[in-house]
Amino acid sequence: MTERGLLDALGWPPGHRIDVHPHDGMLVITSARAGQQVVGSRGELPLPASVRQMCAIVPAQPLLLAAIVSHDLLVIHPASTVTRLLTDLHTQVIGGRRVG
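Residues numbered from 1 in each chain as written. Predicted model: local features only at pLDDT ≥ 70, side-chain atom pairs only at ≥ 80, totals over all residues. Heavy atoms only, no water.

S.K.: Go over unusual backbone geometry, please, and point to the residues and values.
M.R.: For Asp 24, which is not glycine, the phi dihedral falls at a positive 50°. Structurally, Asp 24 can be placed in the loop between β1 (17–23) and β2 (26–31). What makes Asp 24 exposed here is its relative accessible area of 58%. The phi angle at Ala 56 is positive, at roughly 55°, despite the residue not being glycine. By the secondary structure assignment, Ala 56 is in the loop between α2 (49–54) and β4 (63–68). (Helix = DSSP H or I, 4+ residues; strand = E, 2+ residues; numbered from the N terminus. Buried < 20%, exposed > 50% of the residue type's maximum accessible area, 1.4 Å probe, protein only.)

Below is the structure:
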């Protein structure tokens, strides 16, 4: 996966060390001096198979990437997590009534 604009906003050039952790169905990528992964030469983000599996990320699946610059991290939301979060939010908006 590559997203040059977000990496530029975070100040993560190629070779920058990062750690990748699953958290509640999403991946949280943090800047880390002794990080186990590095940003690739073309801005690729290495996503180890083990963490992809924990978050049910499959090839060609849409992902939502969000840079949280003030905290020096990147969050990757799989489509299934975005759908679940929006469903929960919309259920709250309509007062707990399910539609459909």
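S.K.: Talk me through the pattern of salt bridges; I want residue IDs and the actual numbers.
M.R.: Counting across every chain of the model gives two salt bridges. Asp 8 is the salt-bridge partner of Arg 4, the closest N and O atoms lying 3.1 Å from each other. Pair noted here: Arg 4 and Asp 8 are both in helix α1 (residues 4–10), with a separation of four residues, about one helical turn. Note on Asp 8: relative accessible area 48%, which makes it partly exposed. We note a salt bridge from Glu 44 to Arg 42, for which the minimum N-O separation is 3.7 Å. (Salt bridge = Lys/Arg side-chain N within 4 Å of Asp/Glu carboxyl O.)

S.K.: Got a sec to walk through the nonpolar core? Specific residues and values, please.
M.R.: With 15 residues, the main nonpolar core has Trp 12, Ile 18, Val 20, Leu 27, Ile 29 and Leu 45 as its most contacted residues. At the level of elements, α1, β1, β2 and β5 (73–78) are the ones that each hand at least two residues to this core. Contacts of Trp 12, omitting those with residues within four sequence positions, involve Arg 4, Leu 7, Ile 18, Ile 29, Thr 30, Ser 31, Val 39, Asp 72, Leu 73 and Leu 74. (Core = buried A, V, L, I, M, F, W, Y, C linked by side-chain atoms within 4.5 Å. Contact = heavy atoms within 4.5 Å.)

S.K.: Describe in detail the pairing of β5, supporting the description with residues and values.
M.R.: With six of six residues buried, β5 lies mostly within the body of the structure. Side chains Leu 73, Val 75 and His 77 of β5 all project onto a buried face; the interleaved residues Leu 74, Ile 76 and Pro 78 project onto the opposite face, where all are buried too. Here β2 runs beside β5; their pairing, made up of four bridges, is antiparallel. Within the sheet, the bridge partner assigned to Thr 30 lies in β5 and is Leu 73. The antiparallel hairpin formed by β4 and β5 contains four residues in its connecting segment, where Asp 72 sits at a positive phi of about 55°. (Pairing = 2+ DSSP bridges.)

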